[in-house]
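Coordinates in review
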Amino acid sequence: MLTIKNLHAEVDGKQILKGINLEIKKGEMHAIMGPNGSGKSSLSSVLAGRENYTVTQGEVIFEGKNLLDMSPEDRAREGLFMAFQYPVEIPGVSNLHFLKTALNEIRAYHSLPAMESKEFLKLTKEKQQLVDFNANLMNRSLNEGFSGGEKKRNEVFQLAMLDPKLAILDETDSGLDIDALRIVAAGVNKLRSADKAFMVITHYQRLLEYIVPDFVHVLYNGQIVKTGTKELALELEEKGYDWLKEEVHQKESV
Amino acid sequence: MTSDKSFYEFISNGVPGPEQKVDADNAILPARKLAFGRFKELGLPTVKTEEWRYTNIQRYLKDAFTLAQEEQGTVTAEQLKSAGIPQLDSYRAVLVNGRLQADISTLPTGGKITVSKVSDAAGNPQLQAWFDKHPHLQSQPFAALNAALFADGLFIEAGVNASLDKPLHIIHVYTASANAFIQPRHLIVLHKSATLEVIESAVGINDNAIAFVNGVTEVVLEENAELWHYNIQSTVKNSRHIYHTSTTQKADSRYHHFNFTLPSAELTRNNLSVALTGSNTETNLHGLYLATGTQHVDNHTFVDHLVPNCNSNELYKGVLLDDANGVFTGKIHVHQDAQKTNAFQQNNNLLMSEKANINSQPQLEIYADDVKCSHGFTVGRFSEESLFYLRSRGIGEEAAKSLLVNAFAFDITDQVHIPALQDFLAEKIRQYVAGAINN
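Residues numbered from 1 in each chain as written. Chains lettered and ligands numbered in written order. Predicted model: local features only at pLDDT ≥ 70, side-chain atom pairs only at ≥ 80, totals over all residues. Heavy atoms only, no water.

A few words on the sheet that holds strand β3 (residues 29-33) of chain A. Residue and element names in this part refer to chain A. The 6 strands lie next to each other as β6-β9-β10-β3-β11-β12, forming an open sheet whose pairing is mixed. Each having just a single partner strand, β6 (80-83) and β12 (223-228) make up the two edges of the open sheet. The sheet shows a mean angle of 20° between the axes of neighbouring strands, direction not considered. Here 4 bridges tie β3 to strand β11 (residues 215-220), and the two strands are oriented parallel to one another. Bridge pairing in β11 links Ile32 to His217. (Pairing = 2+ DSSP bridges. Helix = DSSP H or I, 4+ residues; strand = E, 2+ residues; numbered from the N terminus. Axes fitted to C-alpha atoms, helices over the stretch in contact; angles between N-to-C directions.)

If you want it as structure tokens, here you go:
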């Protein structure tokens, strides 16, 4: 589904990603871990198409197409979704109107007719119950005055509504208490399926107790320095990142 | 009456007085003569005139114009439709160059609310009492010029306790076969406890000529009267507009005014002023201006608190792009006697290009000590993060920007109490943003 080859990217002239290689297949759950400043969020930003990042080398193929050539909206229309670490508040844009616009723009891209209001409301209700998103928040302005937990739950609700092929969760666990974390994770687990893939970016192992990954990758200094299974996450939790950093530096000095 | 070169020169020096006019409104002639004398005294403003500092009016008057008092013009059903508001259930008054066209209008019947031509109502005691009497008009040269030489306009009178089952929509059609200086003049009088909703919109039919509209509306709200007054300014490209709207509010009256200036005209200058002459009044002034290209939109507002216990609230928001120019001057005068005044003013702007410009100037003159007054001004740029968020959900750049502009305008459009009008405005904003991006 997604193939990242030797991806280099910089922001403000500073090299952030220094040769990422990663393959994600249908149905898989990949966790990207790493210390602060290792390039985790930069990776998600580059994949989603944030404009201040410049790709200097490498390629990203998503469902057979060159992802890096596409505008952010076309990436979304092709089936990529990024749950933001810091979802934006937009007063004056209602949550429902926003979602309806997004859904219909994606449908139009695939030459499908706009969804009827009745059908849309039915879908809304179904997904809102599925991911346990408070119905009262749906008519409010987008994220305006939402608590941290409500914002993250709204991201998962949008994910459910837009039904992407690949979802990237960018530090969705940051700022969540344990109850909110459980609800968000439960929502994500309900959305897992054989034809969908996930990339979960997190600093802590805690989230991975609830969302169990098939693969864990450790990002350090703009590169994936170790790949393993869920046990790797536990090891990191126990030993921290320092031993990995040392390993990397030893290799470099050899 | 044509100027062959600069209309500015012609109007400053050569324009003949109102006695030259052959009109049926002789009862107004004395008032016209007075106004003409005042105009001669005041003279046309220059950029050195404080109130016209940011709007170089000479630039817009250097072309030749005909004083189009007699130009009748016709309007087709198609043109009328383009001036309409879809789904709006309303009474309708159609004016061509300021003249009411009864045959294509649907006016209220029953007699408690009358809509007539100013020329037909010239002898009406209300018209005689209020015409050109608003204190704030006395120092305005363009208003004086209008009073002296206006073609015609509407006189709307609502009797005691009168109200309508639906809004009155006034459609202004401006036609010009050659460059024309068009001067409509209206007076709205609401007697005690009367209520009315008035929507004004405009359409221009002057592809090959410039229409310069110099309009004046006076509004009188007697005790406990309430007027919802929506002004939608969107006409063709080749038009220039100066409007004066001057309102007098007596005790317990409520005035809700909306100015929607949507792109098209090269120049829009609004002078909106309200004199509060009775206590316990409520005044809400809402403005939304969207300007693109080299358009120039200038809003001058003035709320004059003359007596105690009045509330005024003003919110003007602007979206400017390309080389567009915006001006906002908001004056609040709280007189010494006007204790317990609440007066608030806010002007927020969104600049969508490097070259767009806004000059905003609050002018608060407060001579009473027990008052609550505030003002604020902001200018911001588009939030790139908001735009990216919307785009990352599959919403195209154009639709995303349209959503954000609509969101910015929401405080204003949300105050509109007529759903069809709300929808119409949202669609206009969408078209505006789409047009601006695809340019």
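Moving on from the coordinates now.
On to the pattern of salt bridges. Residue and element names in this part refer to chain B. One pass over the full model with this rule turns up 31 salt bridges over all chains. Between Lys317 and Asp411 there is a salt bridge; the shortest N-O distance is 3.0 Å. You can see Lys317 sitting in strand β17 (residues 311-320) and its partner Asp411 sitting in helix α8 (residues 397-413), a full 94 residues away along the chain. Its salt-bridge partner being Glu397, residue Lys401 comes within 3.4 Å of it at the nearest N-O pair. Placement of both Lys401 and Glu397 in helix α8 is noted, with a separation of 4 residues, approximately one turn of the helix. Looking at Glu397, the relative accessible area reads 31%, which means it is partly exposed. Three or more residues joined by partner-sharing salt bridges are found here, namely Arg38, Asp132, Arg185 and Glu218. (Salt bridge = Lys/Arg side-chain N within 4 Å of Asp/Glu carboxyl O. Buried < 20%, exposed > 50% of the residue type's maximum accessible area, 1.4 Å probe, protein only.)

Okay, the nonpolar core next. Of all hydrophobic cores here, the largest spans 109 residues; its most connected members are Met199 of chain A together with Leu421 of chain B. Taken domain by domain, this core gets at least three of its residues from each of domain 1 (7-278) and domain 2 (385-439) of chain B. Those residues in contact with Leu421 of chain B that lie beyond four places of it in its chain are Ile85, Ile199, Tyr230, Ile232 and Val416 of chain B. By size, the runner-up hydrophobic cluster in this structure holds 39 residues, among which are Ile156, Leu168, Val198 and Ala291 of chain B. (Core = buried A, V, L, I, M, F, W, Y, C linked by side-chain atoms within 4.5 Å. Domains from an automatic or database assignment. Contact = heavy atoms within 4.5 Å.)

Residues and elements named next belong to chain A. Strand β9 (residues 166-170) sits mainly inside the fold: 5 of its 5 residues count as buried. Across 4 bridges, β6 lies against β9 in parallel orientation. Residue pairing for β9: Leu80 is matched across the bridge by Leu166. Once the chain exits β9 it traverses helix α6 (residues 178-191) before rejoining the sheet at strand β10 (residues 197-201), and the crossover so formed is right-handed. (Right-handed = clockwise from strand over helix to strand, strands pointing away.)

This part takes up the interface of chain A and chain B. Between chain A and chain B, the residue contacts involve 30 residues of the former and 17 residues of the latter. Taking both partners together, chain A and chain B bury about 2000 Å²; carbon and sulfur atoms supply 64% of that area. Seen at the junction of chain A and chain B, the total is 4 salt bridges. Between Arg391 of chain B and Glu73 of chain A there is a salt bridge, and its shortest N-O distance comes to 2.6 Å. On inspection of chain A and its partner chain B, the count reaches 12 residue pairs in polar contact (both at pLDDT 80 or more). (Buried area = accessible area lost by both parts, 1.4 Å probe. Polar contact = N/O pair within 3.5 Å; in protein donor to acceptor, adjacent residues only side chain to side chain.)

This paragraph deals with the domain arrangement of chain B. Residues and elements named next belong to chain B. On domain assignment, one finds that chain B holds domain 1 (7-278) and domain 2 (385-439). Its C-alpha centre places domain 1 at a distance of 30 Å from the equivalent point of domain 2. Each partner contributes to the interface: domain 1 provides 16 residues, whereas domain 2 provides 12 residues. Counting each side, the surface lost to burial between domain 1 and domain 2 is near 1100 Å², with a carbon and sulfur contribution of 87%. Interface area lost by domain 1 to domain 2 is led by Tyr230, Phe260 and Leu262, which between them contribute 33%. Inspection of the domain 1/domain 2 interface yields 0 salt bridges. The interface formed by domain 1 and domain 2 includes 1 residue pair in polar contact (both at pLDDT 80 or more). Contributing elements (two or more residues each) for the side of domain 1 that touches domain 2: β9 (195-205), β11 (226-233) and β13 (254-261).

Glancing now at the packing of helix α7 (residues 384-391) of chain B against α8 of chain B. Residue and element names in this part refer to chain B. Where α7 contacts α8, the axes come no closer than 9 Å and their chain directions differ by 125°. It follows that α7 is oblique to α8 by the angle criterion. Classified by chirality, the crossing of α8 by α7 is right-handed. The residues of α8 that touch α7, namely those facing Ser386, Leu387, Leu390 and Arg391, are Glu397, Ala400, Lys401, Leu403 and Leu404. Split by residue class, the contact of α7 with α8 holds 5 nonpolar, 1 polar and 3 charged. (Parallel < 35°, antiparallel > 145°, perpendicular 65-115°, else oblique. Left-handed = near helix turned anticlockwise from the far one by under 90°. Nonpolar A, V, L, I, M, F, W, Y, C, P; charged D, E, K, R; others polar.)

The next thing to look at is unusual backbone geometry. One non-glycine residue with positive phi stands out, namely Glu171 of chain A, at about 45°. Relative to the helices and strands, Glu171 of chain A is located in the loop between β9 and α6. Classification of Glu171 of chain A by relative accessible area gives buried; the value is 12%. A positive phi is found at Asn309 of chain B, a non-glycine position, where the angle reads about 60°. Here Asn309 of chain B lies in the loop between β16 (296-305) and β17.

Turning next to the side chain of Thr341 of chain B. Note on placement: Thr341 of chain B falls in the loop between β18 (325-334) and β19 (342-351). Not counting the four nearest positions on each side in its chain, Thr341 of chain B is found in contact with His305, Val307, Asn309, Cys310, Val334, Asp370, Val371 and Lys372 of chain B.

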